[in-house]
Amino acid sequence: MRSIWLDTDAGFDDWMTMLMLASHPGLRWLGVGVVAGNASLPVALANTLRICHHYRLKVPVFAGCDRPLSAPLETAERVLGAQGMRTTGMPLPEIQVAAEGLDAVTALGNALRNSPEPVTVLAIGPLTNIARTLQAEPALVDRIHELVLMGGSTERGNHTPAAEFNIYVDPEAADVVFNQAGLKRRMFGLNVCRQVLLERAHVQEVQSWPGERAMCLAGYLDAYQRIRHPDGRVPMPLYDPVTSAWLLRPELFTFQSARVDIELQGRFTRGMTVCDWRIGQSALPNTEIAMTADGPRVVDAVLQAVRQTF
Ligand code: BDR
Ligand code: CA
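Since the structure is predicted, the reported quantities are computational estimates derived from the model, not experimental observations. (Residues numbered from 1 in each chain as written. Chains lettered and ligands numbered in written order. Predicted model: local features only at pLDDT ≥ 70, side-chain atom pairs only at ≥ 80, totals over all residues. Heavy atoms only, no water.)

Student: Looking at this structure, I do not really get the environment of Asp 9. What am I missing?
Tutor: Within the secondary structure layout, Asp 9 lies in the loop between strand S1 (2–8) and helix H1 (12–23). Overall, Asp 9 belongs to the buried group, its relative accessible area being 0%. Between the C-alpha atoms of Asp 9 and Gly 125, which are 116 residues apart in sequence, the distance is 5.1 Å. (Helix = DSSP H or I, 4+ residues; strand = E, 2+ residues; numbered from the N terminus. Buried < 20%, exposed > 50% of the residue type's maximum accessible area, 1.4 Å probe, protein only.)

Okay, here's the thing in structure tokens:
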């Protein structure tokens, strides 16, 4: 059994990741921390609670940081709409359910302290909550088995030419996380996510699944797949679910060690993950970076896992 904590800014691809975690028999899922990112904190939190309620995910949800450590919040609403995710079908119904009383930073600290074994922390949003937890109590690093994150890139960015969205939103938090001594890091950046492509046929497959929950998910998947082109002819990378696909099917990925630093100053490059591959010469590695994925098999694994939760 692997103990796991999820930190998310849900978001549609975050939603798929949550379903995958729920489908995984070998996980003890301790909690979900929510952070501002794809949308403001209240919107991301409401999304997370609605997903957990309608898809019967039995996991406590905690509200985290509503803004980056020092930068103003920049959301992805320009691309993803005011809800941080769009649908071409039936919207996820509204609910009146509140988050747990504790904030996500305190709750993650408690979970790390109280877990019988070190916890795998899966971060699929900006790294603000994780950085705040480490700043509050650096010794908790010994309680983290590994930080598995979707963020960064070994190549071009998405939110800017150089930076991936999650890192771009809070580069100061990413800097804390990548410089935390003793923390094992595993990074799934755009370079690997761009090998995991969602096509029209995948959307059609989900549209064929029976039941209201599948139908609701299919509407969001359809809108997500059309992000690159309105008629869906351009495949869309899967981002966050790649992390949970690795938990399920590690053999579908390869990794390379590198030293990752976060650009904080660059006029054009703020939020870039600068990867130094000169290991053994001048660089000491601090991250395992996912380099290759068997894309079609990863997409299949994602869809199979999601389907099991209905
Ligand atoms: C990341 O940005 C968000 O919009 C997605 O949920 C994902 O975590 C991809 O750059
Ligand atoms: Ca996300």
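Student: In this structure, what is going on with the coordination of the calcium ion (ligand 2)? I would like to understand it.
Tutor: In an ideal tetrahedron of four donors about a metal, each angle is 109.5 degrees. In an ideal octahedron of six donors, the angles are 90 or 180 degrees. Looking at the calcium ion (ligand 2), one finds its protein donor set to be Asp 9 (OD), Asp 14 (OD), Asp 14 (OD), Ile 124 (O) and Asp 240 (OD), positioned 2.3 to 2.7 Å from the metal centre. For the calcium ion (ligand 2), all donor residues lie on one chain, and their spacing in sequence is D-x4-D-x109-I-x115-D. With Asp 14 in helix H1 and Asp 240 in the loop between strand S8 (236–237) and helix H11 (241–248), the pair connects residues that are 226 residues apart, well separated along the chain. Among the residues examined, Asp 14 registers a relative accessible area of 0% and is labelled buried. For Asp 240, a relative accessible area of 3% translates into the label buried. (Donors = N, O, S within 2.8 Å, 3.2 Å for Na, K, Ca; no water.)

Student: Just to check I follow, could you spell out the site of ligand 1 for this structure?
Tutor: The environment of ligand 1 is made up of Asp 13, Asp 14, Asn 38, Ile 124, Met 150, Asn 158, Glu 164, Phe 165, Asn 166, Tyr 239 and Asp 240. In this structure, an oxygen atom belonging to ligand 1 sits 3.1 Å away from a main-chain N or O atom of Ile 124. Contact between ligand 1 and Glu 164: an oxygen atom at 2.5 Å from a side-chain N or O atom of the residue. Isolated, ligand 1 exposes 280 Å² of accessible area, and the fraction of that covered by the protein chains is 94%. Secondary structure elements with two or more residues in the shell around ligand 1: H1 and helix H6 (165–169). (Near = heavy atom within 4 Å. Polar contact = N/O pair within 3.5 Å; in protein donor to acceptor, adjacent residues only side chain to side chain. Areas by Shrake-Rupley, 256 points an atom, 1.4 Å probe, with all protein chains shown as cover.)

Student: I tried to follow the sheet that holds strand S2 (residues 27–34) on my own but got confused; where do I start?
Tutor: Sheet strands pair by backbone hydrogen bonding; their relative direction is either parallel or antiparallel. Spatially, the 9 strands line up as an open sheet ordered S3-S2-S1-S4-S5-S6-S11-S9-S10, and their pairing is mixed. Two strands lie at the open edges of the sheet, namely strand S3 (61–63) and strand S10 (273–276), each paired on one side alone. The sheet shows a mean angle of 30° between the axes of neighbouring strands, taken without regard to direction. Two strands pair when backbone bridges link them, and strand S6 (residues 185–188) and strand S11 (residues 287–293) are joined in this way by 2 bridges, in the parallel orientation. The residue bridging Met 187 from the neighbouring strand is Ile 289, located in S11. (Pairing = 2+ DSSP bridges. Axes fitted to C-alpha atoms, helices over the stretch in contact; angles between N-to-C directions.)

Student: Just to check I follow, could you spell out the packing of helix H5 (residues 128–136) against helix H7 (residues 171–179) for this structure?
Tutor: Packed helices, taken two at a time, are described by the angle their axes make and the gap between the axes. As a packed pair, H5 and H7 sit with axes 8 Å apart at the nearest point and diverge in direction by 50°. On the basis of their axis angle, the class for H5 and H7 is oblique. By crossing handedness, the relation of H5 to H7 is classed as left-handed. Along its contact with H5, which presents Thr 128, Ile 130, Ala 131, Leu 134 and Gln 135, the element H7 presents Ala 173, Val 176 and Val 177. Partitioned by chemical class, the residues of the contact of H5 with H7 number 6 nonpolar, 2 polar and no charged. (Parallel < 35°, antiparallel > 145°, perpendicular 65-115°, else oblique. Left-handed = near helix turned anticlockwise from the far one by under 90°. Contact = heavy atoms within 4.5 Å. Nonpolar A, V, L, I, M, F, W, Y, C, P; charged D, E, K, R; others polar.)

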